[in-house]
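# Structural overview
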Protein chains: 4
Amino acid sequence: MSDVEIGRAKRGRRVYAFDDIAVVPSRRTRDPEDVSVSWTIDAFQFDIPVLAAPMDSVVSPSVAIQIGKLGGLGVLNLEGLWTRYEEPELLLEEIRSLPEELATKRMQEIYSEPIKPELVTGRLSEIRSSGVTVAGALSPQRTQELYKTVVDAGVDLFVIRGTTVSAEHVSKSHEPLNLKKFIYELDVPVIVGGAAGYTPALHLMRTGAAGVLVGFGGGAASTTRANLGIHAPMATAVADVAGARRDYLDESGGRYVHVIADGGLGTSGDIVKAISVGADAVMLGSALARATEAPGRGMHWGAEAHHPNLPRGHRVEVGSIAPLEQILFGPSTVADGTVNLIGALKKSMATTGYLDLKEFQRVEVVLARYKG
Amino acid sequence: MSDVEIGRAKRGRRVYAFDDIAVVPSRRTRDPEDVSVSWTIDAFQFDIPVLAAPMDSVVSPSVAIQIGKLGGLGVLNLEGLWTRYEEPELLLEEIRSLPEELATKRMQEIYSEPIKPELVTGRLSEIRSSGVTVAGALSPQRTQELYKTVVDAGVDLFVIRGTTVSAEHVSKSHEPLNLKKFIYELDVPVIVGGAAGYTPALHLMRTGAAGVLVGFGGGAASTTRANLGIHAPMATAVADVAGARRDYLDESGGRYVHVIADGGLGTSGDIVKAISVGADAVMLGSALARATEAPGRGMHWGAEAHHPNLPRGHRVEVGSIAPLEQILFGPSTVADGTVNLIGALKKSMATTGYLDLKEFQRVEVVLARYKG
Amino acid sequence: MSDVEIGRAKRGRRVYAFDDIAVVPSRRTRDPEDVSVSWTIDAFQFDIPVLAAPMDSVVSPSVAIQIGKLGGLGVLNLEGLWTRYEEPELLLEEIRSLPEELATKRMQEIYSEPIKPELVTGRLSEIRSSGVTVAGALSPQRTQELYKTVVDAGVDLFVIRGTTVSAEHVSKSHEPLNLKKFIYELDVPVIVGGAAGYTPALHLMRTGAAGVLVGFGGGAASTTRANLGIHAPMATAVADVAGARRDYLDESGGRYVHVIADGGLGTSGDIVKAISVGADAVMLGSALARATEAPGRGMHWGAEAHHPNLPRGHRVEVGSIAPLEQILFGPSTVADGTVNLIGALKKSMATTGYLDLKEFQRVEVVLARYKG
Amino acid sequence: MSDVEIGRAKRGRRVYAFDDIAVVPSRRTRDPEDVSVSWTIDAFQFDIPVLAAPMDSVVSPSVAIQIGKLGGLGVLNLEGLWTRYEEPELLLEEIRSLPEELATKRMQEIYSEPIKPELVTGRLSEIRSSGVTVAGALSPQRTQELYKTVVDAGVDLFVIRGTTVSAEHVSKSHEPLNLKKFIYELDVPVIVGGAAGYTPALHLMRTGAAGVLVGFGGGAASTTRANLGIHAPMATAVADVAGARRDYLDESGGRYVHVIADGGLGTSGDIVKAISVGADAVMLGSALARATEAPGRGMHWGAEAHHPNLPRGHRVEVGSIAPLEQILFGPSTVADGTVNLIGALKKSMATTGYLDLKEFQRVEVVLARYKG
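Nothing here was measured: the structure is a model prediction, and the numbers come from that model. (Residues numbered from 1 in each chain as written. Chains lettered and ligands numbered in written order. Predicted model: local features only at pLDDT ≥ 70, side-chain atom pairs only at ≥ 80, totals over all residues.)

### Here we look at the overall build of chain A
Put simply, the test is: Runs of E in the DSSP output that reach at least two residues are strands. Runs of H or I that reach at least four are helices, and both are numbered from the N terminus. Both definitions apply: the radius of gyration is a C-alpha atom measure, and the globule rule equals 2.2 Å times residues to the power 0.38. To assign burial, the other C-beta atoms lying within 10 Å of each residue's own C-beta are counted, with C-beta atoms placed from the backbone; 20 or more indicates buried, 12 or fewer indicates exposed, and intermediate counts indicate partly exposed. Once C-beta atoms are placed from the backbone, any two residues with those atoms within 7 Å are in contact.
Secondary structure assignment for chain A yields 15 helices and 18 strands. Whereas a compact globule of 372 residues would reach a radius of gyration of roughly 21 Å, chain A reaches 20 Å, a difference of no more than 12%. Expressed as lengths along the three principal axes of its C-alpha atoms, the size of chain A is roughly 55 × 50 × 45 Å. Buried positions account for 64% of the 372 residues belonging to chain A. Put simply, of all contacts in chain A between residues at least 6 apart along the chain, 65% involve residues at least 24 apart.

### What to know about the interface of chain C and chain A
So the rule is basically this: Throughout, the ten residues Ala, Val, Leu, Ile, Met, Phe, Trp, Tyr, Cys and Pro are labelled nonpolar, Asp, Glu, Lys and Arg are labelled charged, and all others, Gly among them, are labelled polar. The rule for pairing is simple: two strands pair if DSSP sees at least two bridges between them.
Across the boundary between the two partners, chain C contributes 48 residues, which contact 53 residues of chain A. Of the residues assigned to the side of chain C that touches chain A, the class counts are 18 nonpolar, 19 polar and 11 charged. As paired elements, strand β4 (residues 28-30) of chain A and strand β11 (residues 168-170) of chain C share 3 bridges and run parallel to each other. Note that in β11 of chain C the partner of Arg28 of chain A across the bridge is Glu168 of chain C.

### Concerning the relation of the copies chain C and chain A
The criterion, for reference: In this comparison the copies share one frame, found by least squares on the C-alpha atoms of residues holding pLDDT of at least 70 in both.
Superposing chain C onto chain A takes a rotation of 90 degrees plus a shift of 0.0 Å along the axis, which leaves an RMSD of 0.0 Å. What the rotation and shift describe, once combined, is the action of a four-fold rotation axis.

### As for the interface of chain A and chain B
Contact with chain A, which involves 48 residues of that partner, is made by 53 residues of chain B. Of all the secondary-structure elements, those providing two or more residues to the side of chain A that touches chain B are β1 (3-7), β2 (10-15), α4 (100-110), β11 (168-170), α8 (198-205) and α9 (224-228) of chain A. When residues in the side of chain A that touches chain B are grouped by element, the largest group, 5 residues, is from β2 of chain A. Looking at the side of chain A that touches chain B residue by residue, the classes come out as 18 nonpolar, 19 polar and 11 charged.

### Quick notes on helix α1 (residues 61-69) of chain D
Turning to α1 of chain D, its buried residues are Pro61, Val63, Ala64, Gln66, Ile67 and Gly68 of chain D. Positive backbone phi, at 105 degrees, marks Gly71 of chain D, one or two positions downstream of α1 of chain D.

### Regarding the sheet that holds strand β14 (residues 258-262) of chain C
Residue and element names in this part refer to chain C. The test is simple: Every axis in this analysis is a line fitted to C-alpha atoms, fitted for helices over the stretch in contact. Angles between the N-to-C directions lie between 0 and 180 degrees.
The strand order β7-β8-β9-β10-β12-β13-β14-β15 describes a closed barrel built from 8 strands, whose pairing is parallel. Neighbour to neighbour, the strand axes of the sheet diverge by 25 degrees on average, direction disregarded. Relative to strand β13 (residues 211-214), strand β12 (residues 190-195) is paired through 4 bridges, and the arrangement is parallel. Within the sheet, the bridge partner assigned to Ala195 lies in β13 and is Val214. Helix α6 (residues 140-153) contacts β9 (135-138) and β10 (157-161) of the sheet and is inclined by roughly 145 degrees relative to β9.

### A few points about the sheet that holds strand β2 (residues 10-15) of chain B
The strand order β1(B)-β2(B)-β18(D)-β3(D) describes an open sheet built from 4 strands, whose pairing is mixed. Single-partner strands in this sheet number two, and they are β1 (3-7) of chain B together with β3 (21-23) of chain D. Averaged over neighbouring strand pairs, the angle between their axes works out to 45 degrees when direction is ignored. Where β3 of chain D meets strand β18 (residues 365-368) of chain D, 3 bridges bridge the pair, whose relative direction is antiparallel.

### Some words on helix α6 (residues 140-153) of chain D
The α-helix advances 3.6 residues per turn, and as a result positions three or four apart in sequence lie on the same side. All names here are of chain D. What counts, and what does not: Each helix should span, by expectation, one fewer than its residue count multiplied by 1.5 Å. Bend at a residue means the angle formed by two fitted axes: the first through the 7 residues ending at that position, the second through the 7 residues beginning there.
An ideal rise of 1.5 Å per residue puts 20 Å on 14 residues; α6 measures up with 19 Å between its terminal C-alpha atoms. The largest bend along α6 reaches roughly 65 degrees and is located at Leu146. Along α6, the residues classified as buried are Pro140, Thr143, Tyr147, Thr149, Val150 and Ala153. Of the surrounding elements, those touching the buried residues of α6 are α5 (117-128), β9 (135-138), β10 (157-161) and β11 (168-170).

### Observations regarding unusual backbone geometry
Residues and elements named next belong to chain B. The linkage connecting Gly193 with the following residue, Gly194, adopts the cis geometry, with an omega of 5 degrees. With respect to the helices and strands, the residue Gly194 is situated in strand β12 (residues 190-195). Between Gly330 and the following residue, Pro331, the backbone shows a cis peptide bond with an omega angle of 0 degrees. Note that Pro331 resides in the loop between α13 (324-329) and α14 (341-351). One non-glycine residue, Arg297, lies in positive phi territory at about 45 degrees.

### Describing the pairing of strand β13 (residues 211-214) of chain B
Residues and elements named next belong to chain B. Defined as follows: Seen with the strands pointing away from the viewer, any crossover whose path from the first strand over the helix to the second strand runs clockwise is right-handed.
Residues of β13 alternate between two faces, with Gly211 and Leu213 on one and Val212 and Val214 on the opposite face, all of them buried. For the crossover that starts at β12, traverses helix α8 (residues 198-206) and ends in the parallel β13, the hand is right-handed. Direction of pairing for β13 relative to strand β14 (residues 258-262): parallel, over a ladder of 4 bridges. Considered in β14, the bridge of Val212 is made with Val259.

### Digging into the packing of helix α11 (residues 268-276) of chain A against helix α14 (residues 341-351) of chain A
Residues and elements named next belong to chain A. Our working rule: Here roughly perpendicular refers to angles of 65 to 115 degrees, roughly parallel to angles under 35, roughly antiparallel to angles over 145, and oblique to all remaining angles. Helix crossings are classified by the rotation of the near helix relative to the far one: an anticlockwise turn of less than a right angle makes the crossing left-handed, while a clockwise turn makes it right-handed.
At their nearest, the axes of α11 and α14 sit 9 Å apart, and the two run at 50 degrees to each other. Overall, the two elements α11 and α14 adopt an arrangement that is oblique. In this structure, α11 crosses over α14, and the sense of that crossing is right-handed. Note on element contacts: α14 touches α11 through Leu341, Ala344, Leu345 and Ser348, opposite Ser268, Ile271 and Val272. Looking at the contact of α11 with α14 residue by residue, the class counts come to 5 nonpolar, 2 polar and no charged.

### Quick notes on the packing of helix α1 (residues 61-69) of chain C against helix α5 (residues 117-128) of chain C
All names here are of chain C. Where α1 contacts α5, the axes come no closer than 9 Å and their chain directions differ by 30 degrees. The orientation of α1 with respect to α5, classified from their angle, is roughly parallel. In the packing of α1 onto α5, the handedness of the crossing is right-handed. Together, Pro61, Ala64 and Ile65 of α1 and Arg123, Glu126 and Ile127 of α5 make up the contact between the two elements. Here the residues of the contact of α1 with α5 are counted per class, giving 4 nonpolar, no polar and 2 charged.

### Section: the pairing of β12 of chain B
Residues and elements named next belong to chain B. When you tally the buried positions in β12, you get 6 out of 6 residues, the bulk of the element. By the bridge criterion, 4 bridges tie strand β10 (residues 157-161) to β12 in an arrangement that is parallel. From the neighbouring strand, Ile160 faces β12, where its bridge partner is Val192.

### Here we look at the environment of Asp47 of chain B
Residues and elements named next belong to chain B. Mapped onto the secondary structure, Asp47 falls in the loop between β6 (44-46) and β7 (50-52). By the C-beta count within 10 Å, which is 13 here, Asp47 ends up partly exposed. Asp47 has contacts with Ser38 and Gly71, leaving out every residue within four places of it along the chain.

What follows is the structure, given as structure tokens:
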């Protein structure tokens, strides 16, 4: 651990973002056709290691179905417009067309509408009826209130996702969610995060979670660093949590908790890097918000963007560039890493000589100055 | 201390700014409601660790009163327009509306008007009559001339603030202020600075000061680096002075001198970072100049900006974005770290698991490349 | 090797680009007129250590002839427009004038036209008849299909060039090119690459290659980092491969394999740096695409830019600035390092006190922060 | 010496520019009025440690006189327009008004006019007649041809200035200037450079020079890095040469050779930093080209900008901002470090507690990330 003196009374560790690193080829190359990017968590197998982030600009029930059919997992935000409004399309349209300076304020109002349990049930049933794996996400704050509704509606994977989720939340005013007890009693496998360090992730693994989300969510659209001074660059965060996975595997006598990079994954190159430093899969926000089918229709925002008194993110324009299937599998007619994400991942693995995702976590990584 | 060879005949230490660092969560999270940000210096207790900087664009007598009522401390500049002019409003208006290229020159003229002791007395009385804690600031150069007026007018905290204030000023032409003797003889607790290193701060602590200001003042508006080649990035500066506080605590057998970060604190994230590396409180300039009540009405300048022959700062436009109370306590409808400063500080402390400011000085800090 | 911890489960090496380094003078200076920049590979001697890259925007048969007469080596792309079309000029003209947003898509179509073996023969014969050294390039994928045609047409140097070429390509679906066997059986000396690390380059050297291309090709026009997450900054890449050359020289009992920097060489300063870290020669793309004779007429693109489903490069505008001879030998009337490449190389060698390229590989190099 | 591995076959040292460093205050402060910035070289004493660079945009005979009267030393370029043309004013005017794209080419033509020895004599006599110290500069290439004319005209200090000047120039075609013999035989003290490293500077000191210029000249207007790949950031360069001064002082039994920073000195902050790392004085180009009296009238260029076949610099616009006296001594009405250079130097020395230039070379220096 490279520990640096910041000043007499403080030391700090140097940490790295995906932009700071790159992967490099070794002595062997392979055919992209020979590469597998399949991924299994609990009883669920996926052809591609891609989870669509539970953000209203990314996943609607129909997008969740489509991503499932394409081999990934679409996670529906159960605290978003689909569970607050019977007809969310009009509000999505309004958010998309708000002028910049009013966007935050109006989103705060729109998201103050209460969540309707019957809509939670309805949206999840819609996905389930299509036959794909069903996943829905709640924040830790809402989990106790809504999890029964969610489980009764039938989810295959339960996602608890917040800016920072710890195994040990302490509160003076209310009994917080006891994650360990909650997960133990639940029949459904749980994916939980964001976590961004070795210790918090290790504690989350000890709760019995099947997967840990690494990062703070929101990615491109987030201003957490300016607002809270908190920042955990993703390359270090993922490599730290991968270290926790390794140590927990030993400590637990063989339980492999999946590490899912969540944030800072704008291009296929970022996905490659996430896996190169230890991720088993990636949760994509802005990268999929660019799909023509995405509910944001080229706009993208996270829950931080409409926090009622401390918004920590922006609605950002990412553009609509291609259908979802083409964004994932190509062909691409652009050269900026936004289309053919899976093709690029396979090409990168083949070029550096690896056949599957687990092996590729061992690829050589370098630190190279970022330009522009 | 990481000491680097610059060239054969010179070595230098690597130092860090707030932008170079970030705080990271640990294994525990808390509720923001459970967090206390109160702060006590000498006999004075404050709900929030915020001092408004003695700059004409930030603190008028009425702003000082308002900040006091909101739980902080407004420090009036006793060498500014309020003590030079009976009716400073017209001159503030003129400064605000000067075209860019004439601003420095005209400010030099406006500030050449002599200080009127009776106005010092009057302005301080106005604040005192409101019942809030009274604080006024002089530069070291003016302290001998004016301190009796100030003390007689009744201040609770006496601030001596300059670009660089040392415990040992040497002059061939005049008898300089003997800080140690001055502070010893004064009944009122003294806050003194700027200082930006371990040794100068330790010497200031030995003068008997109750608090030390860390930094050079002026922050965003300052061009000291281009003009004087002098630069002390704030993360290292605060951590160094916190080191001096610790060593002086031992040396003095228990006197705790407060460390107040003063400069480079434009966003709530910066305030978080200042405390994370050891500050007990922060003195805010530009962050409060953005209040609709601030006398600068969206313009901001420090004393360096109107130095008669060597100006080392600019009048900068920071904008008027919200009332003072909302800037401090929210709610916010923007996501850039300029509104709800205290809410953000509490949220950051809660997210990283800390309950009070003193504990939060132990939070884990990382060095992360700054982007844009 | 400076190995840094990225996070708990991953370490990485810090690597450097040409922009990160500079050469510095030593105690002796010389006359540029006394400096030799000649270079010999196999039986072929060249006055200048310059190979023109096999890219359609850089080398046509007539440019290959012209470069040969100027003392360098023009390498014809045998999978480009000249071997796909009888009359490539119209298509070059079309590519040059395509609007930005259509360029990639239309290039994909144009390059889907099959390669005609008779055109391979014809283009190479045209070059051969001029009397200069003849060199043509194939990708590894096409080598088995076309090499007999190429050899029969008569090449002096055979170039196998791809984004990443390894000595050991593994495929499940087809029998890959066995480079070692191929080179052993071929009568013609082979230059092969890109390779960008010690180990892959050492393995390429063991195949019997006469030269190794260092880099990924494409340089300025490439977006490999954003697409594949792969990046090998050139200063480190060349110095690593030069290390492989040294070790292979020992291992083989004296076989000197030439190291040719290929990529990131936009200015004369970059050429200087490539040799300073160990290159024997340079392969230039954009630097020569700026010649008025270049087929791109100011536009520049590589094979990555028209990949059928994963384009990883752009058509970029480099401008037409001077005739080829003037770009190489001056005089220059611009000061940006784009004209009089050889004059600048000689001047730099003279200023730092070196007389030939091999000696100049020992020049002192520093790491200096890049500005803009 | 911090030596870094660039790649397997190459190591390099990390070096620093003025922008990378800053000076910091220590425990004592002083009055600027008490500070002396006087400087003595050989028999000549100067009130200020400023040499005006021998560049046509900076020093005319009348400017040389004016600078002398202000306490500094103006060095006339003896290979410039004043010694090539009887009436240089028209040509200066033409250069100033050339459109950007024609500037280099037309300057090449204008400077192809031969130098007239009688003009050398005349210009120097004009300066001498004013009573100030007389200094003229030749390039090493012209020194043998013209030095007698120069010495006969009467110079007090003889400056030999080139991009890189070594004590040991080797040529196959002509007998190069033997600096050691030349300086030994000359009655006049010689200042020679640029040199930018410990070893080349030590060798120059051994020739008997009274002062060494550190840097490559040209500064802001230079493109040496892009053209030649050569770059010697000034903070390291000056500190290295100061190391050579110290070692040569010992080796020679007490001969103190003056170190003059020459290049990269655009602001008063840069001048401060040059001295902080060991310079005895500074040679200013762009900083004085901004004077209303400067012959460039707001435009600035060096000899590299009109090199006949390899120009390595640009004519740049620096603006005319104040009379020479005000640029040096203030008062300033701008805050960007371009006016009141000496006032700023004194203020910086006083703030950090130093009384004279020699002491100030011991000030504490830090490495701080440069912003914008």
